[in-house]
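Now for the letters of each chain:
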Amino acid sequence: MLGEAATRFVDDMQAQARITAVAAFGPDAVVLRVDALEGQDFLVPSLECHRRGDDGSWRPAWSVSGAFQALTVPDGFVYVRRGTDGRQVVAHRASGDDGSPATSERVLDVRPGMLGSLTLRPGTDTLVYTMEGPAAPGEHRRDVLRDSDAVWWDGPEASLAGARRPVGDWQLWQLGLDGAGESRRIEVTVPAGTALTGEAVCLASAMVLGTSVYRPDGSRRFGLLLVPADGSATRHLLHDAFDLTAPLQSPDGGTVACLAVSLPTGDEAPAQYAALVDARSLEPRILKAPDDTWQQPCGWDGSDRLVCKGADGPRHVLYTHDLRTAGWTRTEASASVVHARVAAGQAAAVVAAIGTPPALEVVDLASAVREPVRTTRLDLPRGRVTYHPQRLPDVPGALASWLCLPEDEPVRGTVVLLHGGPVRNWAEWHWRWNPWPFVACGFAVILVEPPMSLGYVSAMSAGWRRWRTGVAAAAVGQVRQLLEETGLSGSPLAVVGPCVGGLLALSAAQALRPRLVVSYGGTMDQAQIAGGGDGGWLWTGEFGSPDSEQDSYAAESLQPHSVPSGTRVLLSHGLQDGWVPPTESLRVHRALLRDGVRSELVLFRTEGHQLARPRNVRAWYRWTLTACLDELGAARIPEEPR
């Protein structure tokens, strides 16, 4: 029978309100996004405002259910929430107002569609926001599909998600904060073959909008569209060497910072930088970060200090770039930084770690003094976490793995967790792929950081375009090395992973000989996903055209007979998954059965690429933990001295 401690922890974990992001931050108030359970099935976003009192402590002030985005304005906050009729409500909340939303908010606009970006023109009280306009099935330029439920495209943007929820083009709107006039649509001329992404910021003399362009091979490029305030012609920045996304305006409206991702050539892996774009030259200036840590701009501390979040080995930290001196300053929070916003020399940061559920704190960027604001109250099973830097003879650069162990108990088996992405890591708390339910059942858990993991730039090239032959092969070596170093090499093994992690888990089975392999939404056949998945442009951008690079796609896909006969395999997939079509798991399930593998398949009818609904996550854990206990639980091995 499944351990009671694991059952209680999974139930408690899925019932938690989830601290997700900092929506807005002012010197004495922070607006936090929290996703909370509604009934047994849905996580609903809400906004919580916390204010600093006269004694310096932080206290909750107000909350709005169904709200998901906010903006600091001179006299309070503007936020967006879902109306009762499904439309988006843009509302204002004054500073110091602690009343209920019904009596305190001032509605500025109500509009159909989905809001993308919310910003303020520098030095004005004018809001600018993007809305993804609604569309109806059957729309066709010659109206031949009217009265049907067909969704029509004539370009490469066709997608399964777009068929399930038809949407129109992104629209740009502006409105005064005083609410005296009606909102006004800003007409924008977009270059042919270019689409807006919904990203928007304002400079003093122009608006800067995010764009995407499909290339003939099916990949996508990302750039910026400059829309001058004086009505002159728009200018499109599509750089030869970098994709530019996530624009972030400076307080004085003179500069826009953005994320710059290099376009690799040959076998070179991409690199991620912060960049500054001058509105006059439209030439991005790349900010080279210390030790090649990947940087994500997250706020401005005045007009000459850009604050970024950087992945640095086992955690994400804050880096401040001084534009005057070109120097970088590192600031650590109490745990890995998940998300942050900046104001007046401080950062409001959501922080978390493998053994630390998300919390909100305010960090002084100069002194690193931390003020706790809100925590997640969740009792973890008794256990301990250790971090293990690793080197492999055939992999250039540093790697690592984490080990979670039950506290003062013998280990009954080992579960290996392989993250998805593949450009991710285990530095933060994971609500879905969490090691602690396994620890509560008496298992050791290895969380592998193979090539392509964030925080290990020097090893990135070993995994780029080599998901199976590079990433999976290195992961096998890392698991073997850690098992040997920690005295767990005789432990019965299970290997678990989502998305690319599912591919890695099944690909590692031949070498590691686990008793159990578990995959959710695994990326099995890369050519099939490039051709039929909504994220196919990502595959094409990495591997090239599936028409001309067939051998590369085949080499990095799951190979026939990869899993030894008699192994037990649990395959699961969301039936609404557009990124990795569910036929990937169905096809592999049938092939495994033909090989004599004990394969089981679960299709979650309401899930997409992320396993998200709490009742389904609980069911997945019950299924997986029961299988781990069945396959690994019989043999206990004594824990050797560390």
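By convention here, each chain's residues receive numbers from 1 onward along its written sequence. Local features are withheld for residues below a pLDDT of 70 in this predicted model, meaning they are given only at 70 or higher, and side-chain atom pairs are given and counted only at 80 or more; totals for whole chains, interfaces and linings count all residues. Side-chain numbers here rest on the full set of heavy atoms in the structure, without hydrogens or water.

A.B. asks: Is there a simple way to explain the overall build of the protein chain in this structure?
C.D. replies: Numbering of helices and strands starts at the N terminus; helices are DSSP runs of H or I of at least 4 residues and strands are runs of E of at least 2. When you go through the protein chain residue by residue, the secondary structure sums to twelve helices and 36 strands. For the protein chain, the C-alpha radius of gyration of 25 Å lies close to 26 Å, the compact-globule estimate for 642 residues. C-alpha atoms of the protein chain, sized along the principal axes, occupy 70 × 65 × 50 Å. For the protein chain, the residues scored as buried account for 56% of the 642 residues in total. Our radius of gyration looks at C-alpha atoms and nothing else; its globule reference is 2.2 Å times the residue count to the power 0.38. Three labels apply to residues, based on accessible area from a 1.4 Å probe with only protein chains included: buried if under 20% of the type maximum, exposed if over 50%, partly exposed otherwise in between.

A.B. asks: Looking at this structure, how should I read the nonpolar core?
C.D. replies: For soluble globular proteins, the rule of thumb is that nonpolar side chains tend to be buried together. Among the buried residues, those of types Ala, Val, Leu, Ile, Met, Phe, Trp, Tyr and Cys that are joined through side-chain atoms within 4.5 Å form a nonpolar core. With 50 residues, the main nonpolar core has Val-416, Leu-418, Leu-506 and Val-569 as its most contacted residues. Counting residues per element, this core draws most heavily on helix H5 (residues 467-485), which supplies eight residues. It only takes one pair of heavy atoms within 4.5 Å for two residues to be counted as in contact. In contact with Val-569, not counting residues within four places along its chain, are Leu-506, Val-517, Val-563, Leu-592, Val-597, Arg-598, Ser-599 and Glu-600. Ranked by size, the runner-up nonpolar core spans 39 residues in total, among them Ala-6, Val-10, Leu-611 and Leu-625.

A.B. asks: Explain the sheet that holds strand E14 (residues 206-214) here, please?
C.D. replies: The pairing of strands in a sheet comes from backbone hydrogen bonds and takes either a parallel or an antiparallel form. Two strands pair if DSSP finds at least two bridges between them. Reading across from one edge, E13-E14-E15-E16 is the order of the four strands in this open sheet, with antiparallel pairing throughout. The sheet terminates laterally at strand E13 (194-202) and strand E16 (235-237), the two strands that pair on one side only. Direction aside, the axes of adjacent strands within the sheet are offset by 30° on average. Two strands pair when backbone bridges link them, and strand E15 (residues 220-228) and E16 are joined in this way by three bridges, in the antiparallel orientation. Bridging across to E16, Leu-225 finds its partner in His-236. An axis is simply a line fitted to the C-alpha atoms; with a helix, the fit covers only the stretch in contact. Between two such axes, the angle follows the N-to-C directions and lies from 0 to 180 degrees.

A.B. asks: Mind showing me how you'd approach the state of the cysteines here?
C.D. replies: In protein chemistry, a disulfide is the covalent bond that joins the sulfur atoms of two cysteines. Any two cysteine sulfur atoms lying within 2.5 Å of each other are counted as a disulfide. One pass over the structure, following the stated rule, counts zero disulfides. No disulfide involves Cys-298; its sulfur sits 6.4 Å from the nearest other cysteine sulfur, which is in Cys-308. For Cys-298, a relative accessible area of 13% puts it in the buried group. The thiol sulfur of Cys-628 is not disulfide-bonded, and the nearest other cysteine sulfur, from Cys-441, lies at 7.9 Å.

A.B. asks: I would appreciate a short explanation of the environment of Ser-303 in the present structure.
C.D. replies: Inspection of the secondary structure assignment puts Ser-303 in the loop between strand E21 (294-300) and strand E22 (305-312). Through-space distance from the C-alpha of Ser-303 to that of Gln-249 is 9.4 Å; in sequence the pair is 54 residues apart. Excluding residues within four positions of it along the chain, Ser-303 makes contact with Pro-251, Asp-252 and Leu-323. Throughout this description, a polar contact denotes any pair of N or O atoms lying within 3.5 Å of each other; where both atoms belong to protein, one of them has to be capable of donating a hydrogen while the other can accept it, and for residues adjacent in sequence the pair is counted only when both atoms sit in side chains. Reaching out from Ser-303, the side chain makes a polar contact with the side chain of Asp-252 at a distance of 3.4 Å.

A.B. asks: I tried to follow the pairing of strand E36 (residues 598-604) on my own but got confused; where do I start?
C.D. replies: Working note: regular strand, side chains alternate between the two faces of the sheet. Both strand E35 (residues 568-574) and E36 contribute to a ladder of seven bridges, which runs parallel. When the sheet's bridge partners are listed, His-573 is paired in E36 with Leu-603. With the strands aimed away from the viewer, a crossover counts as right-handed if its path from the first strand over the helix to the second runs clockwise. You can see the chain leave E35, run along helix H11 (residues 583-594) and come back into E36, and the turn it takes is right-handed.

A.B. asks: Hey, could you run me through the sheet that holds strand E1 (residues 18-26) in this one?
C.D. replies: Here we have four strands laid out as an open sheet, ordered E1-E2-E3-E4, and antiparallel in their pairing. Every other strand in the sheet has two partners, leaving E1 and strand E4 (58-65) as the edge strands with one partner each. Strand after strand, the sheet turns through a mean of 30° between neighbouring axes, direction not considered.

A.B. asks: What is the right way to read the confidence of the model for the protein chain from this model?
C.D. replies: Interpretation of the predicted coordinates at a detailed level should be avoided for regions scoring low in pLDDT. Taken over all residues, the pLDDT of the protein chain has a mean of 91, while the share at 70 or more is 97%. Per residue, pLDDT measures the predictor's confidence, with a range of 0 to 100. When the criterion is pLDDT under 50, residues 635-642 qualifies, and its contacts beyond four places in sequence or with other chains add up to 18 contacts.

A.B. asks: What exactly am I supposed to notice about the packing of aromatic side chains here?
C.D. replies: For any pair of aromatic rings, the description rests on two quantities: the centre-to-centre distance and the angle between the ring planes. Only rings of Phe, Tyr and Trp enter the pairing, Trp through its six-membered ring, and a pair is recorded when the two centres are within 6.5 Å. The plane angle decides the type: under 30 degrees is stacked, over 60 is edge-to-face, the rest tilted. Applying the stated criterion across every chain yields a total of 15 aromatic pairs. Centre to centre, the rings of Trp-467 and Trp-539 are 5.6 Å apart; their planes meet at 70°, and the pair counts as edge-to-face. Note that Trp-467 is positioned in helix H5 and Trp-539 in helix H9 (residues 536-543), a separation of 72 residues in sequence. The same class applies to Trp-467 as to Trp-539, namely buried. Through pairs of rings, three or more aromatic residues link up here, namely Trp-433, Phe-438, Tyr-520, Phe-604, Trp-620 and Tyr-621. Should the NZ of a Lys or the CZ of an Arg lie within 6 Å of a ring centre and within 35 degrees of the ring normal, that charge is described as sitting over the ring. The ring of Trp-173 carries the charged tip of Arg-111 above its face, separated from the ring centre by 3.5 Å.

A.B. asks: Would you explain H9 in this entry?
C.D. replies: Residues lying three or four places apart along an α-helix face the same way, a consequence of the helix completing one turn every 3.6 residues. Counted residue by residue, H9 has six buried out of eight residues, so it is predominantly covered. Within H9, the full set of buried residues consists of Gly-536, Trp-537, Trp-539, Thr-540, Glu-542 and Phe-543. In the core, the buried residues of H9 are packed alongside E14, E15, H5, helix H8 (526-532) and helix H10 (550-555). In the stretch just after H9, Gly-544 is the one whose phi turns positive, near 95°.

A.B. asks: Sorry, what's going on with the pattern of salt bridges here?
C.D. replies: Once their charged atoms are close, side chains differing in charge can pair, the charge on each being opposite to the other. Salt bridge, as used here, is a side-chain nitrogen of Lys or Arg placed within 4 Å of a carboxyl oxygen of Asp or Glu. One pass over the structure, following the stated rule, counts 28 salt bridges. With a closest N to O distance of 2.9 Å, Arg-52 and Asp-28 form a salt bridge. In this pair, Arg-52 is assigned in strand E3 (residues 42-52) and Asp-28 in the loop between E1 and strand E2 (29-38), connecting sequence segments 24 residues apart. Between Arg-111 and Asp-109 there is a salt bridge, and its shortest N-O distance comes to 3.2 Å. Considered together, Arg-111 and Asp-109 belong to a single accessibility category, that of buried residues. Residues joined in a network through salt bridges with shared partners are Asp-301, Asp-304, Arg-305, Asp-322 and Arg-324.

A.B. asks: For this particular structure, what's the right way to read the packing of helix H1 (residues 4-15) against helix H12 (residues 614-632)?
C.D. replies: Packed helices, taken two at a time, are described by the angle between their axes plus the distance between the axes. Between H1 and H12, the least distance of the axes is 9 Å, while the angle of their chain directions is 160°. Taken as axis vectors, H1 and H12 run roughly antiparallel relative to one another. Once H1 is placed against H12, the crossing between them reads as right-handed. For the pair H1 and H12, the contacting residues are Ala-6, Val-10, Asp-11, Met-13 and Gln-14 in the first and Pro-614, Val-617, Arg-618, Tyr-621 and Leu-625 in the second. Any residue outside Ala, Val, Leu, Ile, Met, Phe, Trp, Tyr, Cys, Pro, Asp, Glu, Lys and Arg is labelled polar, Gly included; the first ten of those are nonpolar and the last four are charged. Its residues assigned to classes, the contact of H1 with H12 shows seven nonpolar, one polar and two charged. Angles below 35 degrees are treated as roughly parallel, those above 145 as roughly antiparallel, those between 65 and 115 as roughly perpendicular, and all remaining angles as oblique. The hand of a helix crossing depends on one turn: near helix anticlockwise from the far one by less than a right angle means left-handed, and clockwise means right-handed.

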